[in-house]
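Each chain, written out:
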Amino acid sequence: MLIASVAVAQQTHNEYEPPNGPGAGQKLLAQFAGNWDVVKTFFPMNGKPIVSKGECRQYMVQDGKFLESDFTFFNSDGTRSTGTGISGFDSRTNRFTTVWFDSRQTTMSIRQSDGTFDGKNIVLWATALDPDRPGRKTVARAHLEEDGHVLLHQHFLIDDKGNERIMIELRLTRK
């Protein structure tokens, strides 16, 4: 028993949690890197869509394993809001995970894919941080268009019948 205890104590971090390298998801995320002009469209439950502009800088961090996205949105009243996203891909599970936080709220949003990845489209489902209050059921989809010149990112609200309604669209155009 003592020998087993000593062996565990001498276990290295790499043995406990083996490192892994970038995979297919990182190849797609790396294509998102760059400076972008942003058009954000919010689709309220009632009324006309609300359009605002912004800009985004995206870059790979942690030895090419994660995409960091820094957004600035220019509001119609002359103020600005900011947001940061971190996106990663685990090649062992074939899942994307994203975390989002912004200057508008004190909460964070976490989304995760279901383990299917076609090499071109990222599909992320809302992940509840509080299981007692799961919140809205949403899905976000992102993909490149126009030979990588446009990145389209859309968020959909899903009702109890499974119907999707677009809530937010971010159209990023490469500078």
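The structure we're discussing is the one just above.
Owing to the predicted nature of the structure, the values given are computational and were not obtained by experimental measurement.

Definitions and limits used
Residues numbered from 1 in each chain as written. Predicted model: local features only at pLDDT ≥ 70, side-chain atom pairs only at ≥ 80, totals over all residues. Heavy atoms only, no water. Helix = DSSP H or I, 4+ residues; strand = E, 2+ residues; numbered from the N terminus. Buried < 20%, exposed > 50% of the residue type's maximum accessible area, 1.4 Å probe, protein only. 1 Å grid on protein atoms, 1.4 Å probe; cavity = no way out; pocket = protein on both sides within 12 Å on 5 of 7 lines; lining within 4 Å. Points joined across faces, edges and corners; volume = space filled by probe spheres on them. Nonpolar A, V, L, I, M, F, W, Y, C, P; charged D, E, K, R; others polar. Core = buried A, V, L, I, M, F, W, Y, C linked by side-chain atoms within 4.5 Å. Contact = heavy atoms within 4.5 Å. Pairing = 2+ DSSP bridges. Axes fitted to C-alpha atoms, helices over the stretch in contact; angles between N-to-C directions.

Caption draft 1: Layout of the overall build of the protein chain. Within the protein chain, the secondary structure is distributed over 3 helices and 10 strands. Along the protein chain, helices (α) and strands (β) appear in the sequence α-α-α-β-β-β-β-β-β-β-β-β-β when read from the amino end. Overall size of the protein chain, expressed as C-alpha extent along the three principal axes, is 70 × 40 × 35 Å. The 175 residues of the protein chain split such that 31% are buried.

Caption draft 2: Here's a closer look at the layout of surface pockets. For the second largest pocket, the calculated volume is near 390 Å³. In this structure, the second largest pocket is lined by 25 residues; those nearest its centre are Asn 20, Phe 66, Phe 89, Asp 90 and Arg 92. For the lining of the second largest pocket, the elements supplying multiple residues, two or more each, are helix H2 (13–16), strand E4 (80–90) and strand E5 (95–102). Looking at the lining of the second largest pocket, the element that brings in the most residues is E4, giving 5 residues. Among the residues making up the lining of the second largest pocket, the classes are represented as 7 nonpolar, 13 polar and 5 charged.

Caption draft 3: Local environment of the nonpolar core. Judged by nonpolar contacts, the single largest core of 19 residues is most densely connected at Phe 32, Val 38, Phe 71, Phe 96, Ile 122 and Leu 172. Secondary-structure elements contributing two or more residues to this core are helix H3 (24–31), strand E1 (34–42), strand E3 (66–74), strand E7 (122–127), strand E8 (138–145) and strand E10 (164–174). In terms of residues, this core owes the most to one element, E3, which gives 3 residues. Filtering out sequence-adjacent residues up to four positions away, Phe 32 remains in contact with Gln 58, Leu 67, Ile 122, Leu 144 and Leu 151.

Caption draft 4: Local environment of the sheet that holds E8. Pairing is antiparallel in the closed barrel, where 10 strands are placed in the order E1-E2-E3-E4-E5-E6-E7-E8-E9-E10. On average, each strand axis in the sheet is tilted by 25° relative to the strand beside it, whichever way the strands run. Pairing analysis gives 5 bridges linking E5 to strand E6 (residues 108–112), with the strands arranged antiparallel. Note on E6: the bridge partner recorded for Val 99 is Ile 110.

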